[in-house]
Structures are given as C-alpha cells and as structure tokens.
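Architecture at a glance
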Amino acid sequence: VVIVLARQSSLSAFAAASLWVVVGVSADNIFVVHETWRQSALLVDEHGHAVDGATRVHWTVLQSAVPLFFADVTTAFSLLINCVSSITSVFQFGLCGGVLIMVNFALALTYLPALLVLEERLGLTDNPNRDAGNSHTRSAALQAFHSGLWRNRTRVLAVFGVGVVLLSPFALSLAPGFDASFTFAADPANEAVIARARAPPPLG
C-alpha cells in the first residue's frame with residue numbers, strides 16, 4: 001500500500017519498526033471488539049427475546065467504531081506527523097505506521113466481527129454435531145482455514161519467532177549503501193551534517 005500509493009520505490013529498515021506499534025494497536029482493537037461482542041449476547045428485543053446475529057453484529061460495530069476511531073486516528077496522526085521530516089527513514093516510519101493503523105481499523109470493524117460470528121457458531125473448533133450441510137462451500141472453506149490456523153496457532157507463532165531470530169543478524173549487518181536512509185554504520189553524508197550542526201556560529 002505504501003509503496004504503490006506513496007510512490008516509495010523501497011522501504012528503509014527503520015520503517016519496519018513501525019510494525020511493533022501496529023501490533024500493539026491491533027491488540028487493543030481486538031480486545032475492544034471482542035468484549036463488545038460478548039456484551040451483545042445480553043441484548044433483547046421488545047418482547048424480551050434474544051436478538052439475532054445480524055443485530056448483534058450491527059450493535060457491536062456501532063459501539064466499537066467510536067472509541068476505536070478516536071484511538072486509532074490520534075495514534076495514526078502522531079505517526080503521520082513524521083512525514084514532514086526530510087529524512088527518508090523517518091518519513092517512511094511515520095507513513096507505514098499511520099497507514100497500517102488505519103488499515104487495521106478497517107479490518108477490526110469488518111473482518112473481525114465475521115470471525116467472531118464463526119467462532120460462536122463453532123466454526124473454529126471441532127464439533128461433531130455441526131451440520132456441514134447448512135454452510136455454503138466458500139463458507140465451509142473459510143471455516144476450515146481458520147480452524148486450521150486456530151489449532152496450529154502455537155506452531156504458527158513459533159515459525160514467526162524463528163523467522164525473526166534468523167533475520168536479526170541480517171538486519172544488524174546493514175552497511176552504508178545498502179540502505180542510504182538509515183543504517184547503524186557511519187554515513188559520510190550524515191557525519192557532514194552533524195559536524196556542520198556542531199560548528200560554532202560565524203562571527204559577526
């Protein structure tokens with residue numbers, strides 16, 4: 001999204017650090033939507049009967065949208081303000097973080113409620129009493145996919161952790177020229193800017 005819309009030919013290593021901020025915001029979004037969905041189970045209609053699933057989803061989205069909107073927009077703005085920086089790595093850090101937070105906001109109000117409905121209908125757990133004939137083919141395939149992810153969540157997280165560990169030496173071995181906008185090694189251009197900033201003011 002950032003590369004295409006913002007016309008960034010390549011992303012710096014520093015831009016990837018914004019993913020940790022996005023992960024934290026995502027956890028908050030999931031918690032708010034999940035707890036609101038649980039509260040929707042207490043809703044009743046004018047006759048005192050429990051409301052249907054569509055009404056619960058509608059109520060959950062309406063109740064969650066306002067607090068998530070203000071929380072995500074303010075966080076995204078605090079990151080997007082970095083786009084005024086002339087340093088490419090800082091610009092991309094703010095751009096990636098701000099855009100990804102708003103994308104996560106949209107997913108939290110669209111994809112996550114659908115996933116919660118599947119979970120409540122036992123689509124994420126093995127249930128021998130579930131009638132597979134009541135589900136369409138695409139819905140059954142989606143349930144099977146998420147069921148596999150849920151059952152193997154420990155392995156998925158383990159593979160992700162191993163990948164991060166294996167890529168860490170590569171990230172720490174960045175050298176000048178590989179990423180001109182951000183590097184742990186000394187950059188002659190940056191050193192010239194620092195030396196100029198530390199120089200005493202001209203006389204007169």
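Model, not experiment: these values are computed from the prediction.

1. Remarks on the environment of Pro113
- Structurally, Pro113 can be placed in helix H4 (residues 88–120).
- Sequence separation between Pro113 and Arg56 is 57 residues; the distance between their C-alpha atoms is 9.7 Å.
- Here Pro113 is in contact with Val57, Val61 and Ala108, once residues within four sequence places are set aside.

2. Some details on the pattern of salt bridges
- Per the stated rule, a full pass over the model turns up two salt bridges.
- Among the salt bridges present, the one from Arg38 reaches Glu35, with a minimum N-O distance of 3.6 Å. Of this pair, Arg38 and Glu35 are both found in helix H2 (residues 18–39), three residues apart, which corresponds to roughly one turn of the helix.
- Between Glu120 and Arg56 there is a salt bridge, with the nearest N and O atoms lying 2.5 Å from each other. Separated by 64 residues along the polypeptide, Glu120 in helix H4 and Arg56 in helix H3 (residues 53–80) bring together distant segments of the chain.
- Exposure remark for Glu120: the relative accessible area of 43% places this residue in the partly exposed category.

3. Topic: the packing of H2 against H3
- Where H2 contacts H3, the two axes come as close as 9 Å, and the packing angle between them is 160°. One finds that H2 runs roughly antiparallel with respect to H3. Here H2 runs over H3; the crossing is right-handed. Mapping the contact onto sequence places Val21, Val25, Asn29, Val32, Val33, Thr36, Trp37 and Gln39 in H2 and Arg56, Val57, Trp59, Thr60, Gln63, Ser64, Leu68, Asp72, Thr75 and Leu79 in H3.

4. A short note on the packing of aromatic side chains
- Applying the stated criterion across every chain yields a total of two aromatic pairs.
- Between Phe69 and Phe70, the ring centres sit 5.6 Å apart and the planes meet at 75°, which makes this aromatic pair edge-to-face.
- The partly exposed category is assigned to Phe69, whose relative accessible area is 40%.
- On the basis of relative accessibility, which here comes to 52%, the residue Phe70 falls in the exposed class.
- Each member of the aromatic cluster is reached from another via a ring pair, and the members are Phe69, Phe70 and Phe105.
- Just above the ring of Trp37 sits the side chain of Arg56; from NZ or CZ to the centre is 3.9 Å.

5. Focus on the packing of H3 against H4
- Where H3 meets H4, the axes come as close as 9 Å, and the angle between the chain directions of the two elements is 165°. On the basis of the axis angle, H3 is roughly antiparallel to H4. The chirality of how H3 crosses H4 is right-handed.

6. What about the confidence of the model for the chain?
- The share of residues in the chain with pLDDT of 70 or more is 75%, and the mean pLDDT across the chain is 78.
- The element-level mean pLDDT for the chain is lowest in helix H1 (residues 2–5), coming to 65, with H3 highest at 91.
- Between residues 126–132, whose pLDDT stays under 50, and residues either more than four places distant or in other chains, the model counts eight contacts.
- Low pLDDT, under 50, characterises residues 174–185; the stretch is placed with 20 contacts to residues that sit more than four places away or in other chains.

7. Digging into the side chain of Ser40
- Relative to the helices and strands, Ser40 resides in the loop between H2 and H3.
- Polar contacts involving the side chain of Ser40 include one to the side chain of Arg56, which spans 3.0 Å.
- When near neighbours in sequence (up to four residues on either side) are disregarded, Ser40 contacts Arg56, Trp59 and Thr60.

8. Observations concerning H3
- Taken as a whole, H3 carries its principal kink of about 35° at Ala65; the proline Pro67 stands between one and four residues after it.
- All of the buried residues in H3 are Arg56, Thr60, Ser64, Leu68, Asp72, Ala76 and Leu79.
- Of the surrounding elements, those touching the buried residues of H3 are H2 and H4.

9. Looking at the environment of Val25
- As for its placement among the helices and strands, Val25 is situated in helix H2.
- Given the relative accessible area of 11%, Val25 is considered buried.
- Spatially, the C-alpha atom of Val25 lies 9.9 Å from that of Ala76, the residues being 51 residues apart in sequence.
- Once you skip the residues sitting within four places of it in the chain, Val25 turns out to touch Asp72, Thr75, Ile101 and Asn104.

Definitions and limits used
- Residues numbered from 1 in each chain as written.
- Predicted model: local features only at pLDDT ≥ 70, side-chain atom pairs only at ≥ 80, totals over all residues.
- Heavy atoms only, no water.
- Helix = DSSP H or I, 4+ residues; strand = E, 2+ residues; numbered from the N terminus.
- Contact = heavy atoms within 4.5 Å.
- Salt bridge = Lys/Arg side-chain N within 4 Å of Asp/Glu carboxyl O.
- Buried < 20%, exposed > 50% of the residue type's maximum accessible area, 1.4 Å probe, protein only.
- Axes fitted to C-alpha atoms, helices over the stretch in contact; angles between N-to-C directions.
- Parallel < 35°, antiparallel > 145°, perpendicular 65-115°, else oblique.
- Left-handed = near helix turned anticlockwise from the far one by under 90°.
- Phe/Tyr/Trp six-rings, centres within 6.5 Å; stacked < 30°, edge-to-face > 60°.
- Lys NZ or Arg CZ within 6 Å of the ring centre and 35° of its normal.
- pLDDT = per-residue confidence, 0-100.
- Polar contact = N/O pair within 3.5 Å; in protein donor to acceptor, adjacent residues only side chain to side chain.
- Bend = angle between axes of the 7 residues up to and from the residue.

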